[in-house]
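# Understanding the architecture of this molecule
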Amino acid sequence: EILAFTPEEDWSIVALLAKDGQEFEAKLHQVDGKAFTLPDEEAAKGVLNDVEDRPFIVTEVKRRERRKNPFAPFTTSTLQQAAAKRLRFSARRTMTTAQRLYEGVEIGSRESAGLITYMRTDSTRVAASAVEQARGWIEAEMGKSYLAPSPRLYGGKQQKGAQEAHEAIRPTDATLHPNEAKNFLGPDEAALYELIWLRFVASQMAPAVYDTTTLDFDLTGVTGRRYLFRATGSVVKFQGYTRLYREATESGDHRRLDDLEPLPALEEGDATDLKSLQPNQHFTQPPPRFSEASLVKELEKLGIGRPSTYAQIISTIQDRGYVEAEKGRFFPTPLGDTVSKLLVRVFPNIFDVGFTSRMEGELDRVEEGEVRWRELLQEFYPPFQSQLEAGKNQSEDIIKQLLEAEGETCDVCGRPMLVRWNKFGRFLGCSGYPECQSTRPLDAPEVQERLLGQDPVSDLPVLVRVGPY
């Protein structure tokens, strides 16, 4: 998607307004009562010229109360996503830390026991007894106003194929506060336990309440065209669950109600001071590279993998050198790109998101007794085996086609050069190997050398060389 993406130019216009010394922004929202695009600078300047010196008077005020409910307790995928964003934990680190919390430690005078429920689950169901523990703590420590009106059990909302044998990931004892637990835990365990505890307890709290305000400025330009500028603001009326837990975000996430600034107190007919009209150039952006959090979310959305395999998938693609992580984002390597292209060529139906998701569904049906496993294998395996044999016979030719370096020929025999790998990176190797072993560096630095003098014993030249070592 990133390679195929073509950026498109777009412009927006923002009015910087002020009232009684408080500045705020209003963005051009509609032109002549419709959505619009400003494809270039000329179109943007046309709007600026049309509304120049026009007064910004409030034409409509909309106020409403919005409620935001807490998140369900963690599943495996949502725990991995939150730990990646908030704690910068890899999926593997999250799961090994969760495993230690599940196995248990001695906490002071308490008996040694697991601190969290089983960490491989895609269910959000929670036990009524655990809910009552959390609700008791909220009422005692924060007051009844912060308590949800009725218990939230979060059952029955899972996607098809959810593993219902386990609960959501939650503390086994909600009365064990993270501040008490951290005295007996390592840094990773303490941080992850706190995250799990906060999310679970917050799930039984009252909604956060926001007062949102929308101000419209309906202007008529010199040409008679109508321009609607809109400002939106928000004020926290009641913190609710956000007093305890706020979801971590990363670049690319949508703006939240918490992020909106409050607007000045304005009513219909009030005039504002126009400080500036700013045209802004934008270019549409390709989808961002996957982070661990967003990749886990995508796997779950597409139905690929299960709670037990998310961390393994992410570890495998890194351990085998198919991707490299740069600043928390995954970039495919030349090796990963080639392996992917080869496998898609040999197994076009298997390396297809829809097939993988359907197979996961079929395996769920086997588990539920709806399909017999032998019949499922009989349907899948013979075609797979024939593709495998064909792939083995053709793989060398396919790899040569994929890796042939465009326009590069061997200095020794004149045959095409292929891209190959060693521990230093990529290099060009003759396609006539092993008869011709000619190579040329590609990613590795060229070996530099200079003559130092003659060896007095052998009378051979002595060279100073700068290379990988």
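Calculation criteria
- Residues numbered from 1 in each chain as written.
- Predicted model: local features only at pLDDT ≥ 70, side-chain atom pairs only at ≥ 80, totals over all residues.
- Heavy atoms only, no water.
- Helix = DSSP H or I, 4+ residues; strand = E, 2+ residues; numbered from the N terminus.
- Rg over C-alpha atoms; globule rule 2.2 N^0.38 Å.
- Buried < 20%, exposed > 50% of the residue type's maximum accessible area, 1.4 Å probe, protein only.
- Areas by Shrake-Rupley, 256 points an atom, 1.4 Å probe, with all protein chains shown as cover.
- Lys, Arg positive; Asp, Glu negative; His and termini not counted.
- Charge placed at Lys NZ, Arg CZ, Asp CG, Glu CD.
- Polar contact = N/O pair within 3.5 Å; in protein donor to acceptor, adjacent residues only side chain to side chain.
- Contact = heavy atoms within 4.5 Å.
- Phe/Tyr/Trp six-rings, centres within 6.5 Å; stacked < 30°, edge-to-face > 60°.
- Lys NZ or Arg CZ within 6 Å of the ring centre and 35° of its normal.
- Disulfide = S-S within 2.5 Å.
- pLDDT = per-residue confidence, 0-100.
- Expected span 1.5 Å × (residues − 1).
- Salt bridge = Lys/Arg side-chain N within 4 Å of Asp/Glu carboxyl O.
- Pairing = 2+ DSSP bridges.
- Axes fitted to C-alpha atoms, helices over the stretch in contact; angles between N-to-C directions.

## Some details on the overall build of the chain
- Each helix and strand in the chain was counted, giving eleven helices and 14 strands.
- Relative to the compact-globule value of 23 Å for 469 residues, the chain shows a C-alpha radius of gyration of 31 Å, a clear excess of over 25%.
- Considered along the principal axes of its C-alpha atoms, the chain spans approximately 95 × 70 × 60 Å.
- Counting over 469 residues, the chain shows a buried share of 37%.
- Accessible area for the chain stands at about 27600 Å²; split by element, carbon and sulfur atoms hold 49% of it.
- Charge-centre separation for the chain: the mean point of 59 positive side chains lies 3 Å from the mean point of 72 negative side chains.

## Notes on the side chain of Ser77
- Inspection of the secondary structure assignment puts Ser77 in helix H2 (residues 76-87).
- For Ser77, a relative accessible area of 1% corresponds to the buried category.
- A distance of 2.8 Å separates a polar atom in the side chain of Ser77 from a polar atom in the side chain of Glu300.
- Sequence-distant contacts of Ser77, defined by excluding residues within four places in its chain, comprise Val296, Glu300 and Tyr310.

## A word on the packing of aromatic side chains
- Counted according to the given criterion, the structure contains 13 aromatic pairs.
- Aromatic side chains Phe71 and Tyr241 sit 6.3 Å apart centroid to centroid with 85 degrees between the ring planes, which places their arrangement in the edge-to-face category. With Phe71 in the loop between strand E3 (60-68) and H2 and Tyr241 in the loop between strand E5 (226-238) and strand E6 (273-283), this pair connects stretches of sequence that are 170 residues apart.
- Tyr241 gets classed as buried once you look at its relative accessible area, which sits at 2%.
- Feature note: the residues Phe347, Phe351, Phe355, Phe380, Tyr381 and Phe384 constitute an aromatic cluster, connected by ring pairs.
- The positively charged end of Arg243 is found above the aromatic ring belonging to Tyr146, 4.9 Å away from the centroid.

## Some thoughts on unusual backbone geometry
- That bond from Tyr433 to Pro434 is cis: its omega, 10 degrees, falls within 30 degrees of zero.
- Considering the arrangement of structural elements, one finds Pro434 in the loop between strand E11 (425-430) and strand E12 (439-441).
- The backbone phi angle of Asp53 is positive, close to 70 degrees, even though this residue is not glycine.
- Mapped onto the elements, Asp53 comes out in the loop between helix H1 (41-51) and E3.
- Phi at Arg88 is positive, roughly 60 degrees, even though this residue is not glycine.
- Residue classification places Arg88 among the exposed positions, given a relative accessible area of 63%.

## Observations regarding the side chain of Thr75
- The topology assignment puts Thr75 in the loop between E3 and H2.
- Excluding residues within four positions of it along the chain, Thr75 makes contact with Thr121, Asp122, Ser123, Thr124, Ile169 and Glu300.

## Remarks on the state of the cysteines
- By the definition in use, this model includes zero disulfides.
- Cysteine Cys430 shares no disulfide, and the gap to the nearest cysteine sulfur, in Cys413, comes to 3.4 Å.
- Cys410 provides the cysteine sulfur closest to Cys436, a residue in no disulfide bond, and the two sulfurs are 3.7 Å apart.
- Exposure remark for Cys436: the relative accessible area of 7% places this residue in the buried category.

## Details of the confidence of the model for the chain
- In the predicted model, the chain carries a mean pLDDT of 88, and 91% of its residues have values of at least 70.
- Ranking the elements of the chain by mean pLDDT puts strand E9 (residues 404-409) last with 71 and helix H6 (residues 187-202) first with 96.
- The low-confidence segment residues 157-163, where pLDDT is below 50, has 16 contacts with residues more than four positions distant or belonging to other chains.

## As for helix H10 (residues 353-367)
- The end-to-end C-alpha distance of H10 is 22 Å, a good match for the 21 Å that 15 residues give at a rise of 1.5 Å each.
- At the N-terminal end of H10, a side-chain oxygen is found 3.1 Å from the backbone nitrogen of Gly354, two or three residues along, and the residue is Asp352.
- Backbone geometry just after H10 places Gly369 at a positive phi near 85 degrees.

## Quick look at the pattern of salt bridges
- Throughout the structure, instances matching the rule amount to 19 salt bridges.
- We note a salt bridge from Asp216 to Arg230, for which the minimum N-O separation is 2.7 Å. Remark: Arg230 occurs in strand E5 and Asp216 occurs in strand E4 (residues 208-220); sequence separation between them is 14 residues.
- You can call Asp216 buried: its relative accessible area is 5%.
- A relative accessible area of 23% places Arg230 in the partly exposed class.
- Across the salt bridge formed by Asp411 and Arg440, the nearest N and O atoms sit 3.3 Å from each other.

## What to know about the sheet that holds E5
- The strand order across the open sheet built from six strands is E3-E4-E5-E2-E1-E6, with neighbouring strands paired in antiparallel fashion. Whereas interior strands pair on both sides, the edge strands pair on one side only; in this sheet they are E3 and E6. Averaged over all neighbouring strand pairs, the angle between strand axes comes to 30 degrees, with direction disregarded.
- In terms of strand pairing, E4 meets E5 through twelve bridges, oriented antiparallel. Among the inter-strand pairings, Val209 is bridged to a residue of E5, identified as Phe238.
- Contacting strand E1 (9-19), strand E2 (22-31), E4, E5 and E6, H1 crosses the sheet at an angle of about 30 degrees to E1.

## Focus: the environment of Leu219
- Relative to the helices and strands, Leu219 is located in strand E4.
- Between the C-alpha atom of Leu219 and that of Val51, which follows or precedes it by 168 residues, the distance is 7.4 Å.
- When sequence neighbours within four positions are dropped, the list of residues in contact with Leu219 reads Val51, Arg54, Pro55, Phe56, Arg225, Arg226, Tyr227 and Phe229.

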